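Commentary on secondary and tertiary structure
What follows is each chain in one-letter form.
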Amino acid sequence: MRNEENRIIQQSTKAVWSGEKEYRAHGATQVPVVHSVAYSYDDLDHWYDVAVGREKGHIYGRNTNPTVESFEQKIRDLEGAEAATSFSTGMAAISNSLSTFLTPGDRIVSMNDTYGGTNKIFSEFLPRMDIDVRLCETGNHEEIEKEVRKGCKILYLETPTNPTVKITDLERMVRAAREVGAMVFVDNTFATPINQNPLEYGVDLVIHSATKFLGGHADALGGAVCGSRDLVEKIFHYREINGATMDPMSAYLLLRGMKTLHLRLKQSCDSAMTIAHYLKNHELVDDVFYPGLKDHPGHDIAASQMKQFGGMLSFSMKGGMEAVRDFLPKLQYANRAANLGSVETTVGPARTTSHVENTPEERAALGIPESLVRYSVGIEDPDDLIADLEAAFDSLKETTVSKE
Ligand SMILES: *Cc1c(COP(=O)(O)O)cnc(C)c1O
């Protein structure tokens, strides 16, 4: 995005200003929440022209809404996309985008550790529609390339993944998809547009759960899809008819949250790096998953395609689920909740958060240890978070000692 003098506008400025001015009213400096479901027209010809899309305007809240459009413009500009549309949730963004393009007999290639809900769409719902779903080992680029070359309509990716933070090379995957004319969808929820812009690598559609880092305050659900005008219009049409519309109040809360996205993310990413190193050296920690660590298998790819390594990490504990059960309640500065990307640090075992829909056998097949703790780093002071972790680890040691 460039301004009138043709200067490139930075992400932080877009986070604050994109999608704002056009939707303000009465000289107010903030975008209003337009709760009205319908819009009134005295001139029937004008009404008709708006209804058929010949003139700008709004007809009915399931189709469009000014506050929601403002949200769509902000995420569109942050992803550097031609167009964006929005949804009631991230899962609605994913399911509507897939349903817009897939028809019975199609083939889709994806990977094992996509978000739990996405994985359910692949394993439960799409096969029922006679869609052939092929899930590859996450991070195994050769396997994905091989499956894509057999032909497919969509290559669906997520990077970094939930909860083991695995990385996939977007440029390489797009190259493979181009050979067979497949579309590439990327769930960019974990990275956010501040850390990664998949469209720059030739990806066709970028999908977000706005509920997480974009909103950042764990008080509004939402989803978004960004891409070319042609593709986004098709998805918008599917959504406006099927009705997974974003609520105007949510759009307002998400817009407000997005204005500080770059600042929140910088703090979370910096702290995550410090905390990952701390955990790596802790005797009660088995394994740490964070792409910022040099020994993480996706480190080099992450270093080249991401601007920061993200605010999400996970770790498995020695002592298994038993230790996790003792440890988590001791943390003072963490919500034990099925969420991530909020200003507050949020923790939870993968088996009760992202992958609660899966059986223990399925989780094992996905390479998710039962003692895996997902740690979404908030914007608190990192020293306070480390002190909090240290106190919880210390109390574990005490209980171990007193049991002996
Ligand atoms: C949470 C999440 C989703 C689903 O978003 P909702 O807003 O909860 O529907 C999809 N993908 C990823 C990576 C997520 O973390």
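Residues numbered from 1 in each chain as written. Predicted model: local features only at pLDDT ≥ 70, side-chain atom pairs only at ≥ 80, totals over all residues. Heavy atoms only, no water.

**So, the sheet that holds strand β6 (residues 205-209)**
The strand order across the open sheet built from seven strands is β1-β7-β6-β5-β4-β2-β3, with neighbouring strands paired in mixed fashion. Each edge of the sheet is formed by a strand with only one pairing partner; in this case those strands are β1 (83-87) and β3 (132-136). Within the sheet, the average angular offset between the axes of one strand and its neighbour, ignoring direction, is 20°. Pairing between strand β2 (residues 107-111) and strand β4 (residues 154-158): two bridges, direction parallel. In the sheet register, Ile108 faces β4, and the bridge partner there is Ile154. Along the sheet, helix α5 (residues 116-128) makes contact with β2, β3 and β4, crossing β3 at roughly 150°. Along the sheet face, helix α9 (residues 229-242) touches β1, β5 (183-187), β6 and β7 (223-227) and points at about 20° away from the line of β1. (Pairing = 2+ DSSP bridges. Helix = DSSP H or I, 4+ residues; strand = E, 2+ residues; numbered from the N terminus. Axes fitted to C-alpha atoms, helices over the stretch in contact; angles between N-to-C directions. Contact = heavy atoms within 4.5 Å.)

**Comments concerning the UniProt feature "modified residue: N6-(pyridoxal phosphate)lysine" (unreviewed entry) in the protein chain**
As recorded in UniProt, the sites labelled "modified residue: N6-(pyridoxal phosphate)lysine" (unreviewed entry) are Lys212. In this structure, Lys212 sits in the loop between β6 and β7. Of the residues examined, Lys212 reaches a relative accessible area of 11% and is grouped as buried. Leaving out residues up to four positions away in the same chain, Lys212 has contacts with Tyr115, Thr189, Asn339, Leu340 and Gly341. (UniProt positions renumbered as here; feature names shortened; annotations may be inferred. Buried < 20%, exposed > 50% of the residue type's maximum accessible area, 1.4 Å probe, protein only.)

**Remarks on the site of the ligand**
Around the ligand, 15 residues are found, and the nearest of them are Gly90, Met91, Asp187, Thr211 and Lys212. At 2.9 Å from an oxygen atom of the ligand is found a side-chain nitrogen or oxygen belonging to Ser209. Within the side chain of Lys212, one N or O atom sits 2.7 Å away from an oxygen atom of the ligand. Protein contact buries 93% of the 380 Å² of open area that the ligand shows by itself. (Near = heavy atom within 4 Å. Polar contact = N/O pair within 3.5 Å; in protein donor to acceptor, adjacent residues only side chain to side chain. Areas by Shrake-Rupley, 256 points an atom, 1.4 Å probe, with all protein chains shown as cover.)

**Side note on the domain arrangement of the protein chain**
If you check the domain split of the protein chain, you get domain 1 (11-258) and domain 2 (261-403). Listed by partner, the interface residues are 41 residues for domain 1 and 37 residues for domain 2. Joining domain 1 to domain 2, the criterion identifies zero salt bridges. Run the count over domain 1 and domain 2 and you get 14 residue pairs in polar contact (both at pLDDT 80 or more). Those elements giving two or more residues to the side of domain 1 that touches domain 2 turn out to be α1 (11-17), α5, α8 (192-195) and α10 (248-258). (Domains from an automatic or database assignment. Salt bridge = Lys/Arg side-chain N within 4 Å of Asp/Glu carboxyl O.)

**Considerations on the state of the cysteines**
Taken as a whole, this structure holds zero disulfides when the rule is applied. Just so you know, Cys136 is unpaired, no disulfide at all, and the nearest cysteine sulfur is the one on Cys152, 9.3 Å from it. Cysteine Cys226 remains unbridged, with the sulfur of Cys269 as its closest cysteine sulfur at 19 Å. When its relative accessible area of 0% is taken as the criterion, Cys226 is described as buried. (Disulfide = S-S within 2.5 Å.)

**Side note on the nonpolar core**
By size, the foremost hydrophobic cluster in this structure holds 46 residues, and its most contacted members are Phe71, Ile75, Leu155, Leu157 and Val184. Here the element with the most residues in this core is helix α7 (residues 170-180); it accounts for five residues. Both domain 1 (11-258) and domain 2 (261-403) contribute no fewer than three residues apiece to this core. Dropping the residues within four chain positions of it, Val184 is found in contact with Leu155, Leu157, Val174, Ala177, Val203, Asp204 and Leu205. Counting 36 residues, the second largest nonpolar core, distinct from the first, contains Ala191, Tyr290, Leu331 and Leu396. (Core = buried A, V, L, I, M, F, W, Y, C linked by side-chain atoms within 4.5 Å.)

**Section: unusual backbone geometry**
A cis amide bond links Thr159 to the next residue, Pro160, at an omega of -5°. With respect to the helices and strands, the residue Pro160 is situated in the loop between β4 and α7. Along the chain, Asn162 connects to Pro163 via a cis peptide bond; the corresponding omega equals 0°. Among the structural elements, Pro163 can be located in the loop between β4 and α7. Positive phi values are uncommon outside glycine, yet Val165 reaches one of about 55°. With respect to the element layout, Val165 can be found in the loop between β4 and α7. Judged by its relative accessible area of 1%, Val165 is buried. Phi angles above zero are rare outside glycine, and Ala218 is one such case at about 55°.

**Brief notes about the packing of helix α3 (residues 66-78) against α10**
Close contact between α3 and α10 brings their axes to 8 Å; oriented N to C, the two are set at 35°. Seen along the crossing, α3 lies across α10 with a hand that is left-handed. Here Thr67, Val68, Ser70, Phe71, Lys74, Ile75 and Leu78 of α3 come into contact with α10, specifically with Pro248, Ala251, Tyr252, Leu254, Leu255 and Met258. Class assignment for the residues of the contact of α3 with α10 results in ten nonpolar, two polar and one charged. (Left-handed = near helix turned anticlockwise from the far one by under 90°. Nonpolar A, V, L, I, M, F, W, Y, C, P; charged D, E, K, R; others polar.)

**As for a negative patch on the surface**
Side chains of Asp42, Asp43, Asp45 and Glu55 sit close together on the surface and give a patch of like negative charge. With respect to the helices and strands, the residue Glu55 is situated in the loop between α2 (44-51) and α3. (Patch = residues over 30% accessible without salt bridge, like charges linked within 9 Å, V, L, I, M, F, W, Y side chains within 5 Å. Lys, Arg positive; Asp, Glu negative; His and termini not counted. Charge placed at Lys NZ, Arg CZ, Asp CG, Glu CD.)

**With respect to the environment of Ile386**
Inspection of the secondary structure puts Ile386 in helix α15 (residues 382-403). When the C-alpha positions of Ile386 and Asp287 are compared, they lie 17 Å apart, and in sequence the two are 99 residues distant. Setting aside chain neighbours within four positions, we find Ile386 in contact with Thr274, Ile275 and Tyr278.

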